[in-house]
Structure formats: C-alpha cells, structure tokens
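The chain contents come next:
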Amino acid sequence: MKNLKYYCAPKTIEDAVKLLCDKKCKSIAVAGGTLIAKSLGDWVDKYVDIRYLPLKYIKVSGGELIIGALCAFDEIDNNPLAKKWASGVLSKAAAKCSSQLIRNMATIGGNIAKPHSFNIFPALLFALDAKVKVAFLKGVKTYQVEEIYNKNFPHKFGFDSIITEIIIPSYIKNCAASYEKFSKTQSCWESYASCAFSLSLKKGKAEKPRIIVGALSPKPIRLEAAEGIISNKQLSPKIIEEAMEAFIGNLDILKLSAINISFKKEIAGAMFKRFLTGISERNI
Ligand SMILES: Cc1cc2nc3c(=O)[nH]c(=O)nc-3n(C[C@H](O)[C@H](O)[C@H](O)COP(=O)(O)OP(=O)(O)OC[C@H]3O[C@@H](n4cnc5c(N)ncnc54)[C@H](O)[C@@H]3O)c2cc1C
C-alpha cells in the first residue's frame, strides 16, 4: 500500500469506471476491503473506493431477484426477500461466512469478482443460474455467472470494470436449493468442501437441476453428468444411487489437485446424497 497516491470516492458508476480506466494511474476498485486489505500490491497508486455507489439493494423487478453488488453478507443474511427465494438459500449461505465482522464488510460483488476456493457465492450463484451485470467504459452487459469465470472473459473486475448487479431468474424463486460447506475443524481452510444444489420439482420430478462443487478449485465446477441422471426423473433410491455414481465419476475425470482431495470428494458426495434424499423424503 506504500505507493498509494490518490483516493477517490465516486458517486456514480460511470465516474467509477472512468476513474478505473484512466491510464495515467494504476487503479483498483475497493468495496468492503476485506480481501484488498490483505492483498493490495505496491504497484497500485490509485484507490477507487466504490462503497458510495448506489448498489446496495435487494429487490424484485420483472419477476427476477436483483441484488446490488455492494450488499454485504449480513444484509443478504437478514433480507426478507433473500429469505423467501429458493428455500432461503441466499440468506442461509451468507450466514455461513466466517465471522460477523467479515459479514458486515464483505460484499457479494467482491466475493464473485475474485473467486477463491472457499468463497461462497461463486458456487451458489452458479447453482441458482444467476446473471451478472457488468459496467465498463463502453457500456453495460449482462453475463451468465459461469461466463465470468471463462478464461476468455473480456473484463478484469476492479481494474477496467465493475460488477453492478446479480440477477436471479424468476423460476428459481420456488426451487429447492441448498449450500453446504464442511471442514474437519472450523479453522481448517485446507479441508474445506462445499457444494451448491438447486432443482425444481414438477409433479414429483426433478427439473432443471444444477449441481455445483466449490472448494475443489477456485472456480466453481458444474457436474452435468449427475444432473443428466436426475433430470425429469422421480428421486427414487435407485436414481439417487445412479446420480451419486455419476457425481463421483464426474469428479474423478476432472483430476483435481486440491489439498485433501480424496476427503473433499467423499464429503461432496455425502452432501449431494443428503440433498437428494432430503427432497425425496419430503416429497413422499
Ligand atoms: C478473515 C477472512 C475470512 C473470510 N471468510 C470467508 C468465508 O467464510 N466465506 C467467503 O465466501 N469469503 C470469505 N472471505 C473472503 C472475503 O471476505 C470475500 O471474498 C469478500 O466478499 C470480498 O468482498 P469485498 O467487498 O471485501 O472486496 P474487496 O476486498 O474490496 O475487493 C476484492 C477484489 O474484488 C474487486 N471488487 C470488489 N467489488 C467489486 C465489484 N463490485 N466489481 C468489480 N470488482 C470488485 C476489487 O477490485 C478487488 O480486486 C474471508 C476473508 C477474510 C479476510
């Protein structure tokens, strides 16, 4: 932080993007500051504090749930709309973030802008089929959440662009969803396993399932083979066993190299089975 020369606190998204893209300085956007405080490089000479942008809201518009990028985990945890949508999974997941201090400061935008294997929202928003609205110098564009983790994604968040909103589609409102994280001990980051699941139940059959694992790599991973097994099927014990086999097979093919990988795979499998079994038991 020792080379920091300028501090700006823009009030509009347009100004914030202009300040970031001004080539005279090496700038970075700062939201809650929980990650930046630990990782701000000496190369940065301008700090664009985006906390004052009007991006702190959770609302329904056109049937979709819209979350402003500056909402902190605590606001999501306590928001009545977030508690209603998708079995309240957004609130329940936000409450799982480490400490109250971090939940007060850390924003959802910052959480997805810099994915890390133990970040909650990249996996959860992928499971909820969310879109991400991005403002950059030439305009605004909305991307599917998985697109922002594609290596050819054209923007560098916090350097040339700002995430402004997260959009959850209307069909997700009544779906069954779950976010699970587990570690051997509370402070053991390296043994973290996390998964996010969602599906809609229509006449007892699973529709549009999303099965996402986090914590096995910084970017969330979708397990489409397992989704294919349960899609448009009743969740019988036989289908759940078949889906479990596909889930484990999917993970084996990926050849992941995270620390404690076999433990994480085993836990992820147990989380998946528990999600499906819970739904099928409630549906009997
Ligand atoms: C002690 C500790 C415990 C933590 N525990 C957890 C946990 O349990 N679960 C979890 O998920 N995370 C956890 N985190 C990670 C962290 O809190 C999150 O990643 C946080 O959400 C980052 O948001 P922020 O607003 O603080 O980002 P900042 O630190 O302000 O910024 C982080 C990066 O994102 C960019 N950025 C921020 N907002 C935007 C935006 N709107 N658009 C574009 N770029 C943006 C910045 O330029 C910067 O590069 C923890 C962190 C700490 C320090």
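Here the structure is a predicted model, which is why all the values come from computation and not from measurement.

Draft legend 1. Main features of the site of the ligand. Looking at the ligand, there are 32 residues lining it, with Ala29, Ala31, Gly32, Thr34 and Thr107 nearest. Note that a nitrogen atom of the ligand is positioned 3.5 Å from one of the backbone N or O atoms of Gly110. At 2.8 Å, a backbone N or O of Ile163 approaches a nitrogen atom of the ligand. Protein contacts shield 93% of the accessible area of the ligand, which totals 980 Å² for the unbound molecule. Elements with a minimum of two residues in the shell around the ligand: β2 (27–30), α7 (108–113) and β8 (161–168). Per element, the largest residue contribution to the shell around the ligand is four residues, and it comes from α7. Partitioned by chemical class, the residues of the shell around the ligand number 19 nonpolar, 11 polar and two charged. Two domains each donate at least three residues to the shell around the ligand, and these are domain 1 (6–52) and domain 2 (58–171).

Draft legend 2. Quick peek at the packing of aromatic side chains. Scanning the model with the defined rule gives nine aromatic pairs in all. Ring geometry for Tyr143 against Phe153: centres 4.8 Å apart, planes inclined by 75°, an arrangement best described as edge-to-face. Here the residue Tyr143 occupies a position in strand β7 (residues 139–144), and Phe153 occupies one in the loop between β7 and β8, the gap between them amounting to 10 residues. Residue classification places Tyr143 among the buried residues on the basis of a relative accessible area of 6%. By the ring-pair criterion, three or more aromatic residues cluster together here, those being Phe197, Phe247, Phe272 and Phe275. The ring of Phe159 carries Lys156 above its face, with NZ or CZ at 4.8 Å from the centroid.

Cut-off values and rules
- Each chain has its residues counted from 1, following the order in which its sequence is written.
- This being a predicted model, a pLDDT of at least 70 is required before a residue's local features are given, and a value of 80 or more before pairs of side-chain atoms are given or counted; all residues contribute to the totals for chains, interfaces and linings.
- Hydrogens and water are ignored here; the side-chain numbers use all heavy atoms of the structure.
- Whether a residue is near a molecule or strand is decided by its heavy atoms; if any one of them lies within 4 Å of it, the residue is near.
- Polar contact is the term for a pair of N or O atoms within 3.5 Å; when the atoms are in protein, one must be able to donate a hydrogen and the other to accept it, and sequence-neighboring residues count only if both atoms are side-chain atoms.
- Surface accessibility follows the Shrake-Rupley procedure with a 1.4 Å probe radius. Residue values consider only the protein chains on display as shielding.
- We count a stretch as a helix when DSSP gives it H or I for four or more residues in a row; a strand needs E for two or more, and each element gets its number in order from the N terminus.
- In this classification, Asp, Glu, Lys and Arg are treated as charged, Ala, Val, Leu, Ile, Met, Phe, Trp, Tyr, Cys and Pro as nonpolar, and every other residue, Gly included, as polar.
- Bear in mind that the domain bounds are from an automatic or database domain assignment.
- Centres within 6.5 Å are what make two rings of Phe, Tyr or Trp a pair, Trp counting through its six-membered ring; a difference in plane orientation under 30 degrees is then read as stacked, over 60 as edge-to-face, and the rest as tilted.
- Burial classes: relative accessible area under 20% of the type maximum marks a residue as buried, over 50% as exposed, and values in between as partly exposed (1.4 Å probe, protein chains only).
- Working rule: Lys NZ or Arg CZ, within 6 Å of ring centre, within 35 degrees of ring normal, means a charge sits over the ring.

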